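# Observations on the three-dimensional arrangement
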Amino acid sequence: MIDVNELLEEAIRETENLNDGEVFLVKDLFKGYVGNRIPRKDRLLLGTLFLNHVSKMNGNLKAIEKTSSNQQRYKKKNKSEEKNQNHSYNVLISYLLWN
């Protein structure tokens, strides 16, 4: 039986191997035969958990558009995108602290 939390951890670790600016689907983070062996209900749950992780983390991944088959696409941010996001976040925090 497949543990979806272990799959989530594996997917998150695998994103470290992506190039900056690379666009991907969650299924791209697994070898073909591994991804094909994940039951549909677990793939759906994994997708939901991964999206939740990306949305909550202020990291180097972002959700972008969905494919025509309704699969969520993601992008590993470029270093410049990360710096801009961190700067905006710091400006917001400063504003909230001083007002």
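Right above here is the structure, for reference.
Residues numbered from 1 in each chain as written. Predicted model: local features only at pLDDT ≥ 70, side-chain atom pairs only at ≥ 80, totals over all residues. Heavy atoms only, no water.

### Some details on the environment of Glu6
Counting through the fold element by element, Glu6 comes out in helix α1 (residues 4–14). Placed 40 residues apart in sequence, Glu6 and Leu46 show a C-alpha to C-alpha distance of 9.8 Å. (Helix = DSSP H or I, 4+ residues; strand = E, 2+ residues; numbered from the N terminus.)

### Quick notes on the side chain of Asp42
Along the chain, Asp42 turns up in helix α3 (residues 40–56). Overall, Asp42 belongs to the buried group, its relative accessible area being 9%. (Buried < 20%, exposed > 50% of the residue type's maximum accessible area, 1.4 Å probe, protein only.)

### Considerations on the packing of aromatic side chains
Evaluation of the coordinates by the stated rule reveals three aromatic pairs. Between Phe24 and Tyr74, the ring centres sit 5.7 Å apart and the planes meet at 25 degrees, which makes this aromatic pair stacked. With Phe24 in strand β1 (residues 23–24) and Tyr74 in strand β3 (residues 72–76), the pair connects residues that are 50 residues apart, well separated along the chain. The interplanar angle of 85 degrees and the centroid separation of 4.9 Å between the aromatic rings of Phe50 and Tyr74 together place this pair among those described as edge-to-face. Here Tyr74 lies in strand β3 and Phe50 lies in helix α3, a separation of 24 residues in the sequence. Accessibility assignment for this pair places Phe50 and Tyr74 in one class, buried. In textbook terms, an aromatic cluster arises when at least three aromatic residues are bridged by ring pairs, as seen for Phe24, Phe50 and Tyr74. (Phe/Tyr/Trp six-rings, centres within 6.5 Å; stacked < 30°, edge-to-face > 60°.)

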